[in-house]
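Take a look at the letters that make up each chain.
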Amino acid sequence: MRYSAEVESVVQRLRDAMAGGVLSFPLTSFRDDGDGNGGGDGNGGGLDLEAYRAYLTAQLAPGPDAAAPHAAAPGAVFPACGTGEFFSLDEDEYRAVVEATVDVAGGRLPVVAGIGYGWAQALRFARIAEEAGADALLVMPHYLVGAPQDGLVGQLRRIAAGTRLPLIAYQRGQVAFTADTLRRIAEIPTVVGLKDGHSDLDRLQRLTLAAPDGFLFFNGASTAEIQARAYATVGVPAYSSAVHAFAPEIAGAFFTALRGNDEATLTTFLRDFYIPFVELRDRVPGYAVSLVKAAARLRGLPVGPVRAPLTDPGAADLAELEAILDTGLALVRAPRRRLVA
């Protein structure tokens, strides 16, 4: 066994989660009242914890039932990450979000909290997440500057030395590991996996071949379903799903079709829903989060606006998003409005 018994237990839960469902990255609910970082301009006020709990309860429902016949439960939940606007949360808000997620999840599925910035600040968030009951941590790219490979290893070593929780590294933006670096970080006793956001399949194949047996990989590209088939060809079938944050029915149906090699259904979903959504997403910086939140609001989910520096979509883009959403929901015969507690 490469890991301690405690870490191995979490790794096995994550392995099962990645095989059994999409990885959910929930939105964080903000009030539109100007009490927080939004400054009264509609770009995200204070944290609305009650709304977040109601939203998350709907997102983590155990599966289809009479009230939600098209729902699909995720395999694991990753609060306060990119889709959850980690970069806009202060430490008190972060603690509240992670604690609420652990409570709502109730041990039914692993909770992997996001941490980031430099290693010192990342450790502050790591300790909060540990106290809040998270199972593991997703180490998001460090702040601002590029760094050599030795520095990337050093960053993870410093974080690992300060928390007992297993770590999943996230390569995106200025963070890109070589195969040799992957071998080095995999030797850190609590580094258990890698989320890839670069979509460089040549590099990713080299990383998977360099990794020790049992090391976890998953596809973390924006709107990861677009590239899910390609990632699977290099041995990375697991993926995160931003679509699950507003339409678990669509995300679940796509996951089922992918696992069942249902090429006709996959093609229909990609052509009619995912590609139009991605084309709209790519028009404006930050839409990878803003459109997801807008789509959730269109479904009546209590998530509120995004916080600055992100901006909510304007009327024309919102109308286009509404049409794309309705097309996707029609594919799975799901109603526009989702039920929340």
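Residues numbered from 1 in each chain as written. Predicted model: local features only at pLDDT ≥ 70, side-chain atom pairs only at ≥ 80, totals over all residues. Heavy atoms only, no water.

Here's the deal with the confidence of the model for the protein
- Of all residues in the protein, 93% have pLDDT values of 70 or greater, and the mean over the chain is 93.
- Every residue in residues 34-42 scores below 50 in pLDDT, and together they form 19 contacts with partners more than four places removed in sequence or on other chains. (pLDDT = per-residue confidence, 0-100. Contact = heavy atoms within 4.5 Å.)

Observations regarding the nonpolar core
- Residues F78, Y94 and F246 are the most contacted members of the largest nonpolar core, which totals 116 residues.
- Beyond its immediate stretch of four places on either side in the chain, F246 contacts Q59, F273, F277, V292, A295, A296, R299, L301, L325 and R338. (Core = buried A, V, L, I, M, F, W, Y, C linked by side-chain atoms within 4.5 Å. Buried < 20%, exposed > 50% of the residue type's maximum accessible area, 1.4 Å probe, protein only.)

Description of the packing of aromatic side chains
- Counted under the stated rule, the structure contains 14 aromatic pairs.
- Between F86 and Y94 the ring centres are 5.9 Å apart and the planes differ by 75°, which places this aromatic pair in the edge-to-face class.
- By relative accessible area, which is 0% here, Y94 ends up buried.
- Through pairs of rings, three or more aromatic residues link up here, namely F246, F254, F269, F273, Y274 and F277.
- Over the face of the ring belonging to W119 we find R158, whose NZ or CZ atom lies 3.7 Å from the ring centre.
- Against the face of F30 rests R307, its NZ or CZ located 4.1 Å from the ring centre. (Phe/Tyr/Trp six-rings, centres within 6.5 Å; stacked < 30°, edge-to-face > 60°. Lys NZ or Arg CZ within 6 Å of the ring centre and 35° of its normal.)

Describing the pattern of salt bridges
- Applying the stated criterion across every chain, the model contains 20 salt bridges.
- A salt bridge links D135 to R13; the nearest nitrogen and oxygen atoms lie 3.4 Å apart. Taken as a pair, D135 in the loop between α4 (119-132) and β4 (136-139) and R13 in helix α1 (residues 5-20) lie far apart in primary sequence, 122 residues in all.
- With a relative accessible area of 30%, R13 lands in the partly exposed category.
- Residues E91 and R124 are paired through a salt bridge, measuring 2.8 Å at the closest nitrogen-oxygen approach. Linking E91 in helix α3 (residues 91-105) with R124 in helix α4, this pair joins segments that are 33 residues apart in sequence.
- Salt bridges here are not isolated pairs; linked through shared partners, they connect E6, E130 and R164. (Salt bridge = Lys/Arg side-chain N within 4 Å of Asp/Glu carboxyl O. Helix = DSSP H or I, 4+ residues; strand = E, 2+ residues; numbered from the N terminus.)

Quick notes on the side chain of R307
- Structurally, the position occupied by R307 is in the loop between α11 (287-298) and α12 (315-331).
- Side-chain polar atoms of R307 contact the backbone oxygen of S88, separated by 2.6 Å. (Polar contact = N/O pair within 3.5 Å; in protein donor to acceptor, adjacent residues only side chain to side chain.)

Describing a nonpolar patch on the surface
- On the surface, Y143, L144 and V145 cluster together to form a nonpolar patch covering roughly 360 Å² of accessible area.
- V145 gets classed as partly exposed once you look at its relative accessible area, which sits at 47%. (Patch = residues over 30% accessible without salt bridge, like charges linked within 9 Å, V, L, I, M, F, W, Y side chains within 5 Å. Areas by Shrake-Rupley, 256 points an atom, 1.4 Å probe, with all protein chains shown as cover.)

Describing the side chain of T223
- With respect to the secondary-structure elements, T223 resides in the loop between β7 (216-219) and α8 (228-233).
- On the accessibility criterion, T223 (7% relative accessible area) is buried.
- There is a polar contact of 2.8 Å between the side chain of T223 and the side chain of R281.

A look at the sheet that holds strand β8 (residues 240-241)
- A sheet is described by the order of its strands in space; here three strands give the open sequence β2-β1-β8, paired in parallel fashion. Each having just a single partner strand, β2 (76-77) and β8 make up the two edges of the open sheet.
- Inspection of the sheet shows strand β1 (residues 23-24) paired to β2 by two bridges, in the parallel sense. By the bridge assignment for β2, S24 is matched with V77. (Pairing = 2+ DSSP bridges.)

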